[in-house]
Amino acid sequence: MRYFLRRAGFFLATLWAAVTLNFLIPRLQPGDPAEAIVSRLSGQSQAIDPAQVEAIRRMLGTPDGNLLTQYGDYLAAVVRGDFGISYTYFPYSVTHMIAAGLPWTVVLVGVTQILSFVIGTLLGAWAAYRRNSRVDSVITLGSSFIGTLPFFWLALVLIYVFAITLNWFPSGGGYGGGSNPGWNWLFFSDAFQHSVLPALSLLIVGPIGWIIGMRNNMVQTLGEDYARLARAKGLSRRRIALTYGARIAVLPNVTGFAIALGGILGGTVLVEAIFNYPGLGRMMLEAVANRDYPLMQALFLFITVGVLIANLVADLLYGVLDPRVRREEAG
Amino acid sequence: MSASLPVEPAGGTEHAEVAAVEASRATRLPGWFVILWRNRKCRIGLLMLLGFVVVAVLAPLIAPHDPRENSFTPSIGPGGGNWLGTTAQGEDVFSQLVYGARTSLVVGLAAGTLSTVIGLAVGLTAGYLRGTVDEVLSFFINLALVVPVLPLMITLAAYAPVKGLWLIIFVISVTGWAYGARLKRSQIITLRTRDYITAAKFAGDSTARIIAREILPNMTSLVVVGFMGACLGAIGGEAGLAFLGLGDPTTVSWGTMLNQANTGGAMLTGQWAWLIAPGLAFAGLMTALTLINFGVDALSNPHLRED
Amino acid sequence: GCTGTSGTNGSGGTGTGAANGLIDYLDYGDFGGGTAPQANYNPYLEATRLGAVDYVFEKLMVYDNFSCTPKPWLATEFSWTDPKTLTFKLRDGVQWNDGKPFTSKDVAFTFDLLKKHQPLDTKGVWRYLTSVEAPDAQTVTIKFKEPGASTFTLVTDVFVVPEHVWSQQADPVKFVNAQNPVGTGPMKVKNFNPNQLTIERNPDYWQADKVKVQEIRFHKADSGGAVEQLKLSRGEYDTNAMFVPDIKKAFVDRDPEHNHYWYPPGGSISVYLNLTKAPFDDVAFRKALTTAFDRDQIITKAQLGYVKAASQSGLVVPGQEKWLPAGLKDQGRISYDAAATDAALTAAGYKKDAQGKRLGKDGKPLSFTFKVPGSYTDWVSAAQIIVQNLKAQGFDVNLETPNPPTYESDRAIGRYDVLFGVHGGSCNMFRNFSEPLGSDQSAAIGQKAASNFVRWNDPGTDKLLEELRLATTDEAQKTAVAGLTKVMVDQVPMIPLWYGAKWFQYQTDKATGWPDEKNPYAAPGDNVLVLTNLKPAGS
Amino acid sequence: MALLEVRDLSVTYSPRDSAAVRAVDGVSFDIDEGEFVGLLGESGSGKSTLGNAVLRLLEKPAAISGGSVLFDGVRVSSAPEDEVRPLRWAKISTVFQSSMNSLNPVITIGAQFDDTFAAHGRTGDARKLLDLVDLDPEVLRRYPHELSGGMKQRVALALALALEPRFVLLDEPTTGLDVVVQRNILDRLRELRGELGFAVLFISHDLGTVLEMADRVMVMYAGELVESQSAAAMANDPLHPYTQGLLGSYADPRAAEISVGYVPGRPPDLSRPQTGCRFAARCPVAVEACRTDHPALLPAGDGTARCLLVDQAGGAPVDTTRTSSFVAVRDSATTAEPVLTVAGVVKEYRSRGSVKRAVDEVSFDLVPGRVTALVGQSGSGKTTLARLVTGVERPTEGTVTFHGEDQAVDVGRLRGRRLSAYRRHTQLVFQDPFAALNPTRTIAYALSRPLQNHLGLSRSEARSRAGELLESVGLSPATQYLDKLPHQLSGGQRQRVVIARALAPDPSVLVADEPISMLDVSIRAEILELLDTLVRDRAIAMLYITHDLLSARLLADQVLVLNHGRVVESGPTLTVIQHAQDPYTQLLLDAIPLPPTAVRRS
Ligand SMILES: Nc1ncnc2c1ncn2[C@@H]1O[C@H](COP(=O)(O)OP(=O)(O)OP(=O)(O)O)[C@@H](O)[C@H]1O
Ligand SMILES: Nc1ncnc2c1ncn2[C@@H]1O[C@H](COP(=O)(O)OP(=O)(O)OP(=O)(O)O)[C@@H](O)[C@H]1O
Ligand SMILES: [Mg+2]
Ligand SMILES: [Mg+2]
Ligand code: NI
């Protein structure tokens, strides 16, 4: 119970800290979103029209009251789930915009993360099982090289090869202009085609961390006394590797995975930016660039809450998977 | 054996360590180095890293031109006077590549050190002092862990008043210290209950001295592992930020090269060398560090040592 | 030719167009609205509306922004009853695309809308107006607070919206007008998704005979991205407006017969010197610097040869050459002459010391910083050339690369030595000069200046600006502008270097009649003017 | 044919980054069906390695470098894994030294039984097996971490018997357990063997246990078998000087006068080539030939022995092991004033709402030159008391008063600087000499810290004083040790350093928390003797904490028996031991292995 209260307390405290940080960031910045919008509209080589800046400033509205009352209003609005209106997409609400971007990111990153995890864990387990064999060397050395390729660069190379030179896949976007988003097959196949390259660039580097982590954990668990005893018991090598090695070695990875899923957005900014993918990562980048504070704040909050929830889930999951933790929690 | 011998990591590593220390006595090399050097992967990594360091240090000698000199025909492919072609601004790609190694190494070293130092300071204080101090610091550590790093980095880099390499280093460090701090905190919690720490208290040592002389030396391998990880992260972070155009445009780095190759139409004009070279150089450096990390991992995890 | 992925777009094509002598469809570039655009056809929400607005709504007069001449549009003629009263006669037989007639009441409603909802008045027209009335169905009378000739461009620059739709809206500021927006324009919205916006010909348009395009498809783009450039070079766009490095190799050379570009000049990008600081407050010093910068190198290296050197007059030449005072040498263009600068500086009392360091009048070496936004890569390259040029003169110059907002804020509050600024380029001469030079646009150091960032504070200039503002005749306007160009040339409040380019690429395999250097009937952004000039290729 | 035949078996560790170690060297022995064989030897002598080789569980960097293992006709040492697997568990099973960690932490006990059955296509009743070791069948549903150490050990034993093997290898199956629990399990084991009749190889460094349990005992030293005899014969007539040394370190604490002995020195470094008798360096009776001639394992007495002297004399050599004896009874009346008074001390720990009384109303005095022993089962509150006395913890109730030179100090209230000053007078000797020294600091550093801090010596003064201290704990010449790192010392040497450090500030109170439990039997007596001398010579008041009544009997004047935080019995040592009233004290006494001398006499 105490444990649970502590977790809940931490959750709320972090949430509060994130919200406050969100509140402060725009107020610490020089510059004015209205000017940012106008200079973006007119481009760097055109003079800015002060009247336009003024009108836009009016449109966005300026918060009034001193910092404390502003803070109070802001907190109240957040509690109501009211994140305001996006500057970039005025007069559409931030909530509307996030709802539009969310499915893309969740599907793209969710699928690739799950695949990465499965592939990585399997390869890592295989490497540990065949430790010091050629398979092991190929997997660890290969992954340590591929894993260090910057994936934004990989993405560019993929575009260059598969989209530009071979013209097999579209070079960017979530779907073509010809198919209207909806529950129809044309749209889905189109969206799938568009997701191949971004997914690939995530999948090439994605499993590496899991491979190394799994291999090292499993090498360790296979060296433990219980694994030795399992050998003495005459269990087959495979069975030992599974129930005594992998089963235990995968535990830290599972928690890591839950947290990685929570950080889903943080990691996709680059890929979404390069592939012009209509998800939240790109929206985040745009919001930062445009000083779209309401959108930025909400996205930030969204990501933080995601990570927090993921952490909670990871903890719970760990409790379910690892009986050693279960008792301590129960108390 | 003199007292200046390199310190030994904690616990489990004891025995192979002995041998390495003994071997090092003969060769006059530090013990950790011997352990690293014996690992084949790690040896390759060390040699690769050495290569990059040499290139970075001798950049003015190796690079045929100043990386910013823009007197060449713009946008030409490899060949002739420009081995890897030129940029859209007429700069020599190869010279930029050579100087880019400097940036990456400086960022890796500086941000790695800075975030290690922050992590160490916070982790040590939290872990050793416990109580309220620990609660507060742990909260910050956990907070920093759940705050999404890349977006935060982007925001900080985008809104910082002046762009520059040091800003990037700063941003990477302040967003990247938490993981190391948490690891260090938990290690110190196990270390601080060791009998020899209690013994030091009985010997009348002050807290500061206990931390510096009794605990820190036992954390070397963790600190080294953390430092390597931080270097890797920092180099990647710099490249990513620079690629997004959030870096310092006046610095020549592999990230800015990729950014400029991307925006400067390298794909359009078929200048593959401009695009491929920085990526490969980057991967090379990262691989070197990763390979070294295999050895460093082995320092702290004896199970990994027999490879 | 549409190749590659957009080949799947075929579904939208209506084979009927060609039969009528129309172009089936044209592929255009980006349509605005951010990376995840949402339907928004409110013409006043400039920051977030979609590109279709230019084709759906119309204005009383349309400017050819290249030569700055107004063309009759929804109004067929205008007249000044007195310097403060402007009367428009509206065109007959214009209909809203929902079939309702367009009348002067719509115009009056539009202006009242802007008055009631200030956020919609993005041109700030109501700063100058007292009333807008519709005495009869074809007439609109606009009353100004002061003689209004100088603000004519503002008044004509307002999109007119239908009263019968907009008067129903509770909050027009948040009205996105997403369903079949009603306007008088040549096109109607056909289909929208965040990747593609399709507009189609309005058959009931008042000059429908001039519109030869059945459909325009705008394609969402991450403008400036390498991929977009590639699509352009592959011919996936009939027209686009984006920066392309090495346009000749990447685009023109792929199909020299059909692929073209035209980059007419826009506003001037100038070196702004902080006039409140020595030695920048010394006119001799500033004059000496006008020859210090190698504009040709900036243009070829930093600007890839896409732009032209700017005139010291502050005007955009050759488009605005009719405003130039007679006898200005080379239309005010100044060429690079380092030796002349050196001589002039020395003569003005800024000597070099033995080490070649340029000294101030107080005998101390001169050193200052040059700020440039770090993410404007072309500006950074230009700044690097400028810094080299200044260093060659013996100055100790330090290049700083803040981020754009910091840069803008530093510039606005005067926390800088030297940096870039943009001014001019519009068809409103009063704006072109009052914004950078008017003392009312300035502020004390540390305070935010509206647009006079160099803090030029000169009664003579203010007087000329006042004359220009109140001038009622072309002649009077020209005299005032000539005086102002003289201020620019003689007193050098800033040093224009080059004209920002308006990016414009087009293909002639489907449509011809695009504006170009030889036939500059409009600037690239004058969308309706361009549309009504397009013809099917081969006709 | 014997069930297990080991012939000339050698095992070498070849680690990548240090020299190869021949941990088992030319070992040969047989075990017959149903025979119970003990394997004795000090830490590092190669017992576990030998066990693993027999089970063919050696892992890199260890490998069999010679000889063979034949089990039931199968050449276990070289047969392919597939041929060995059917033997495993069905015929040979084992209980590991560290059975705490030998159960899979993430599956239930039941599942671990099931996969054992499944691996051999057998069925069995796990409940019955648990019943054999007196465990509730409910345990099957639990996970290992939900069981106590003793329960895990029993599960491991039950698991080992699951397939009714013919041979069970027990590698120190009860180390780390409380004596009482240990006793319990061993009794159970003995009964089970009676019922089921399997053969056992029982590895232990606990001589008493081995002698009591086994039919035949083998002794290992430095990788070699040095002696093998029937248990009874070994108890009465140990052949090898090393065995004699081991036997000499036991005595019956109830005897009016007792003496124990020890074997000084440390075993040879097996990574270097060996010449002569490996025990020669430590052997009190070694002759010149011992240093050059390597003795063979030859029949002697009731079995075999590897000693030149045994060979020559044709019998056991004279018992010349060094001994020290203690006067068992001292005056119970104390003349000196107590230096530390513990009065009605209570310590409560709160956790999750419940209150645990770790120490309950304990009172005693510590007197200069006297040793007070604190004896009790694991968890009885011994360490807690030590922490209270040294000011690490504050008592919940009661007081700990230190009678300093000028005034009495309430230890429970000290903080910061004054606590540090108090520690100049009260020092602690740690239980585990391996954990008590910082692996990264030299001996000189460890010793000079208290000297510099408490006595204000300069660096160089501290160093020379450290040298003297080392000499005083018998590490001479001191210069040989000062600049060493802890790992370069043996356990006994380390414990001496720990004692020297505790003595450094010249304390008047010394608290020793089980200071010998981590050491090999052969050096325990050595440390006890050292402590005894120091206490008497320097008139230190010592609180000696132990669960070993024998050492208490040897060292202490007074004994306090602690049970559940309460003092259940106290008084002069011999009185308490001879007339133990409390059932717990009696249990402790019973738990002491039957001393060989007693066996010999009976
Ligand atoms: N992994 C290893 N690498 C190198 N040497 C080793 C290794 N493991 C054990 N040894 C050496 O092998 C020798 C025998 O070890 P073993 O564990 O068999 O001893 P033991 O008699 O079981 O001791 P204990 O009573 O402490 O369990 C020791 O001297 C030890 O130093
Ligand atoms: N910090 C603590 N918090 C809660 N309970 C504690 C704490 N320290 C000790 N205890 C409890 O107090 C009791 C006495 O512990 P203590 O360590 O003094 O026993 P011990 O006699 O030294 O045992 P051992 O022989 O195993 O060392 C135990 O039940 C233990 O669980
Ligand atoms: Mg052992
Ligand atoms: Mg204890
Ligand atoms: Ni060591």
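Our structure's up above, just so we're on the same page.
Every chain begins its residue count from 1, and numbering advances along the sequence as written. All chains are assigned letters beginning at A, and all ligands numbers beginning at 1, according to the order in which they are written. In view of the model being predicted, local features appear only for residues whose pLDDT reaches at least 70, and side-chain atom pairs are presented and counted only at 80 or more, with totals across whole chains, interfaces and linings using the full set of residues. Hydrogen atoms and water are omitted, and side-chain values are computed over all heavy atoms in the structure.

A. Main features of the overall build of chain D. Strands here mean DSSP runs of E at least two residues long; helices mean DSSP runs of H or I at least four residues long; both are numbered from the N terminus. A tally of helices and strands in chain D yields 21 helices and 24 strands. Only C-alpha atoms enter the radius of gyration, while the globule expectation follows 2.2 Å times N to the 0.38, with N the number of residues. A compact globule built from 602 residues would reach a C-alpha radius of gyration of about 25 Å, and chain D, at 26 Å, matches this within 12%. With the C-alpha coordinates of chain D rotated into their principal frame, the extents come out at 80 × 65 × 50 Å. Throughout, exposure labels follow a simple rule: accessible area from a 1.4 Å probe, protein chains only, divided by the maximum for the residue type, with under 20% read as buried, over 50% as exposed, and the rest as partly exposed. Taking all 602 residues of chain D together, the buried fraction comes to 59%. Working rule for contacts: check all heavy atoms of both residues, and any pair within 4.5 Å makes them a contact. A fraction of 68% describes how many contacts in chain D between residues 6 or more apart in sequence connect residues 24 or more apart. Values of accessible area rely on a 1.4 Å probe in the Shrake-Rupley scheme; residue burial ignores everything except the protein chains shown. Split by element, the accessible area of chain D, about 23,200 Å² in all, is 47% carbon and sulfur.

B. Inspection of the site of ligand 1 at higher detail. Residue and element names in this part refer to chain D. Not every one of the 13 residues close to ligand 1 is listed here, only the nearest: Ser43, Gly44, Lys47, Ser48 and Thr49. Any pair of nitrogen or oxygen atoms within 3.5 Å is treated as a polar contact; in protein, a donor-acceptor pairing is required on top of that, and neighbouring residues in sequence qualify only through side-chain atoms on both sides. Here Gly46 contributes a backbone N or O atom positioned 3.0 Å from an oxygen atom of ligand 1. With three residues, helix 1 (residues 47–55) is the largest single contributor of residues to the shell around ligand 1. Class assignment for the residues of the shell around ligand 1 results in three nonpolar, seven polar and three charged. Residues are labelled near a given molecule or strand when at least one of their non-hydrogen atoms is within 4 Å of it. Note on residue classes: Ala, Val, Leu, Ile, Met, Phe, Trp, Tyr, Cys and Pro are nonpolar, Asp, Glu, Lys and Arg are charged, and everything else, Gly too, is polar.

C. Broad picture of the site of ligand 2. All names here are of chain D. Residues in close proximity to ligand 2 include Tyr349, Lys356, Ala358, Gln377, Ser378, Gly379, Ser380, Gly381, Lys382, Thr383, Thr384 and Glu514, which together make up its full environment. Between an oxygen atom of ligand 2 and a main-chain N or O atom of Gly379, the distance comes to 2.8 Å. For ligand 2, the protein covers 62% of the area, taking 640 Å² as the surface of the free molecule. Within the shell around ligand 2, the residues separate by chemical class into two nonpolar, seven polar and three charged.

D. Highlighting the interface of chain C and chain A. Contacts between the two partners involve 59 residues from chain C and, on the opposite side, 50 residues from chain A. Buried area counts how much accessible surface, traced with a 1.4 Å probe, disappears from two parts once they are put together, with both parts' losses summed. Together, the buried faces of chain C and chain A total about 4,200 Å²; carbon and sulfur atoms form 53% of this surface. On the chain C side of the interface with chain A, the three residues burying the most area are Thr35, Gln38 and Ala47 of chain C, jointly 13% of the side's total. Salt bridge criterion: a side-chain nitrogen from Lys or Arg within 4 Å of a carboxyl oxygen from Asp or Glu. Viewed at the interface, chain A and chain C are joined by zero salt bridges. Where the side of chain C that touches chain A is concerned, the elements lending two or more residues are strand 8 (187–193), helix 6 (226–233), strand 13 (265–273), helix 11 (377–392), helix 12 (404–413), strand 16 (418–423), helix 13 (429–437) and strand 17 (494–501) of chain C. With four residues, the top contributor of residues to the side of chain C that touches chain A is helix 12 of chain C. Each residue belonging to the side of chain C that touches chain A can be placed in one class, and the counts come to 19 nonpolar, 26 polar and 14 charged.

E. Just the sheet that holds strand 5 (residues 85–90) of chain C, in detail. All names here are of chain C. If you trace the four strands from one edge of the open sheet to the other, you get 4-5-7-6, paired in antiparallel fashion. Each edge of the open sheet is held by one strand with a lone partner, namely strand 4 (75–82) and strand 6 (129–136). Within this sheet the neighbouring strands show an average axis-to-axis angle of 20 degrees, counted without direction. Two strands qualify as a pair provided that DSSP identifies no fewer than 2 bridges between them. Where strand 6 and strand 7 (residues 139–144) come together, five bridges link them in antiparallel fashion. Across the sheet, Leu129 pairs through a bridge with Phe144, a residue of strand 7. Angles run from 0 to 180 degrees between N-to-C directions of axes, and those axes are lines fitted to C-alpha atoms, restricted for helices to the stretch in contact. This element, helix 3 (residues 104–116), spans strand 5, strand 6 and strand 7 of the sheet and lies at about 160 degrees to strand 6.

F. Quick peek at the nonpolar core. What makes a nonpolar core is a set of buried Ala, Val, Leu, Ile, Met, Phe, Trp, Tyr and Cys residues whose side-chain atoms join them at distances within 4.5 Å. In this structure, Phe29, Phe113, Phe167 and Leu340 of chain D are the most contacted members of the largest nonpolar core, which totals 198 residues. With nine residues, helix 17 (residues 521–538) of chain D is the single largest residue contributor to this core. Residues lining this core come from more than one domain, with at least three contributed by each of domain 1 (33–40 + 47–53 + 82–237) and domain 2 (340–433 + 508–597) of chain D. Apart from the residues within four sequence positions on either side, Phe29 of chain D is in contact with Leu4, Glu5, Val6, Arg7, Leu50, Leu201, Met218 and Leu225 of chain D. Residues Ile292 of chain B together with Phe285, Ala449 and Ala480 of chain C belong to the second largest nonpolar core, which totals 146 residues. Per the annotation, domain bounds derive from an automatic or database assignment of domains.

G. Quick look at the arrangement of the chains. There are five pairs of chains in contact here; the most contacts are made by chains A and C. Separating chain C from chain D is a minimum C-alpha gap of 48 Å, and the two share no contact.

H. Geometry of the interface of chain A and chain D. Residue-level contacts link 25 residues of chain A with 30 residues of chain D. Taken together, the two surfaces of chain A and chain D that pack against each other cover about 2,600 Å², and 55% of this comes from carbon and sulfur. On the chain A side of the interface with chain D, the three residues burying the most area are Arg228, Arg231 and Lys233 of chain A, jointly 27% of the side's total. Remark: the boundary between chain A and chain D carries three salt bridges. On inspection of chain A and its partner chain D, the count reaches nine residue pairs in polar contact (both at pLDDT 80 or more). For the side of chain A that touches chain D, the secondary-structure elements that each account for two or more residues are helix 10 (225–232), helix 11 (237–262) and helix 15 (323–330) of chain A. The element best represented in the side of chain A that touches chain D is helix 11 of chain A, accounting for seven residues. By residue class, the composition of the side of chain A that touches chain D is eight nonpolar, five polar and 12 charged.

I. Region of the structure containing the state of the cysteines. To count as a disulfide, a pair of cysteine sulfur atoms needs to be within 2.5 Å. Inspection of the entire model under this criterion finds one disulfide over all chains. Between the sulfur atoms of Cys68 of chain C and its disulfide partner Cys427 of chain C the distance amounts to 2.1 Å. Note on the Cys68 of chain C and Cys427 of chain C pair: the S-S dihedral is about -85 degrees, so by sign convention the disulfide is left-handed. Placement of Cys68 of chain C in the loop between strand 2 (61–64) and strand 3 (69–72) and of Cys427 of chain C in the loop between strand 16 and helix 13 is noted, with a sequence separation of 359 residues between them. For Cys68 of chain C, a relative accessible area of 10% gives the class buried. Unpaired in terms of disulfides, Cys42 of chain B finds its nearest cysteine sulfur in Cys231 of chain B, a separation of 14 Å. Between Cys290 of chain D, a free cysteine, and Cys277 of chain D, which holds the nearest cysteine sulfur, the sulfur-to-sulfur gap is 5.5 Å.

J. Highlighting the packing of aromatic side chains. Working definition: a ring pair exists when centres of Phe, Tyr or Trp rings (six-membered ring for Trp) sit within 6.5 Å. Plane angles under 30 degrees give stacked, over 60 give edge-to-face, the rest tilted. Summed over the entire model, instances satisfying the criterion amount to 51 aromatic pairs over all chains. Each ring, one from Phe152 of chain A and one from Phe243 of chain B, has its centre 4.7 Å from the other, and the planes form 20 degrees; the classification is stacked. With Phe152 of chain A in helix 7 (residues 151–165) and Phe243 of chain B in helix 12 (residues 220–243), the pair connects residues from two separate chains. Classification of Phe152 of chain A as buried rests on a relative accessible area of 4%. Ring geometry for Tyr221 of chain D against Tyr242 of chain D: centres 4.8 Å apart, planes inclined by 55 degrees, an arrangement best described as tilted. Taken together, the residues Tyr221 of chain D in strand 9 (residues 216–221) and Tyr242 of chain D in helix 9 (residues 241–248) connect sequence positions 21 residues apart. Accessibility assignment for this pair places Tyr221 of chain D and Tyr242 of chain D in one class, buried.

K. Main features of the pairing of strand 17 of chain C. Residues and elements named next belong to chain C. Across the eight residues that make up strand 17, a large majority, eight, are buried. Strand direction decides the pairing type here: strand 13 and strand 17, joined by six bridges, are antiparallel. Bridge assignment links Ile269 to a residue of strand 17, and that residue is Trp498.

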